[in-house]
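Remarks on the overall topology
If you want the building blocks of each chain, they are given just below.
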Amino acid sequence: MTDQQTTDKPLNGRLPSTVNSRKGRKKEWKDLTIDPLSEGYESHQADYVVGNSPITWALLEVGQLFSRSKNGKNLHVKLNDGRAICLDTRRPIEFKPSIRNSTQVWVVTNFNSTSASKTDF
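Residues numbered from 1 in each chain as written. Predicted model: local features only at pLDDT ≥ 70, side-chain atom pairs only at ≥ 80, totals over all residues. Heavy atoms only, no water.

This brings us to the overall build of the protein chain. In terms of helices and strands, the protein chain carries one helix and seven strands. For the protein chain, the α and β elements follow one another from N to C terminus as α-β-β-β-β-β-β-β. For the protein chain, buried positions account for 27% of its 121 residues. Of the roughly 9,000 Å² of accessible surface on the protein chain, a fraction of 49% belongs to carbon and sulfur atoms. (Helix = DSSP H or I, 4+ residues; strand = E, 2+ residues; numbered from the N terminus. Buried < 20%, exposed > 50% of the residue type's maximum accessible area, 1.4 Å probe, protein only. Areas by Shrake-Rupley, 256 points an atom, 1.4 Å probe, with all protein chains shown as cover.)

Structure (structure tokens):
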């Protein structure tokens, strides 16, 4: 047998398959909604400060607090590379792979939970 015949030979009655031939549904990414809490809403009892300059979503670490607006009127926590959760509404948001390197967010640079009068999240 030649080398070519050996590589074309079926394994256990099956031809070797490639990773690209997987079947199943592809992930459908949802577009980010307009943030309803970006202006004029402040429910947090704790004091926090967001940074002066935005960074991209891809630079955030998992578990880091951030705001989607520069006025810092909303807080989110990064859960993984594609998802975050809003602390006000407890609703998850998804970041499509195509926008992860361009979406700007503002990191919470200072968070003082000891100033909170009650636990709100």
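Continuing now.
The next point concerns the pairing of strand β5 (residues 83-86). Only one face of β5 is buried, namely the one carrying A84 and C86, since none of R83 and I85 on the opposite face is buried. With three bridges joining them, strand β4 (residues 76-78) and β5 adopt antiparallel strand pairing. Counted as the bridge partner of V77 is I85 from β5. In sequence, β4 turns back onto β5 through a hairpin of four residues. With three bridges connecting them, β5 and strand β6 (residues 92-94) associate as antiparallel partners. Bridged to A84 within β6 is I93. (Pairing = 2+ DSSP bridges.)

Turning to the nonpolar core, a few remarks are in order. Core analysis: the largest hydrophobic core is formed by eight residues, namely W57, L60, F66, A84, I93, F95, V105 and V107. Every residue in contact with V107, bar those within four places of it in the chain, is listed here: V49, V50, G51, I55, L60, Q64, L65 and F66. One finds Y48, V77, W106 and V108 within the second-largest nonpolar core, a separate group that totals seven residues. (Core = buried A, V, L, I, M, F, W, Y, C linked by side-chain atoms within 4.5 Å. Contact = heavy atoms within 4.5 Å.)

You can see T103 is positioned in the loop between β6 and β7 (104-112). At 2.8 Å, the side chain of T103 and the backbone oxygen of I99 are in polar contact. The residues contacting T103, other than those within four sequence positions of it, are I55, T56, W57 and F95. (Polar contact = N/O pair within 3.5 Å; in protein donor to acceptor, adjacent residues only side chain to side chain.)

This next bit is on the packing of aromatic side chains. Overall, the coordinates contain two aromatic pairs when judged by the stated rule. On the basis of an interplanar angle of 75 degrees and a centroid distance of 5.5 Å, the ring pair of W57 and F66 is categorised as edge-to-face. With relative accessibility at 0%, the residue W57 sits in the buried group. On the numbers, 3.9 Å between centres and 10 degrees between planes, the contact of W57 with F95 is stacked. Pair noted here: W57 is in the loop between β2 (55-56) and β3 (65-67) and F95 is in the loop between β6 and β7, with a separation of 38 residues, a long-range link. Cluster of aromatic residues (ring-pair linked, three or more members): W57, F66 and F95. Across from the ring centre of W29, 5.1 Å away, lies the NZ or CZ of K27, which sits over that ring. The positively charged end of K78 is found above the aromatic ring belonging to W57, 4.6 Å away from the centroid. (Phe/Tyr/Trp six-rings, centres within 6.5 Å; stacked < 30°, edge-to-face > 60°. Lys NZ or Arg CZ within 6 Å of the ring centre and 35° of its normal.)

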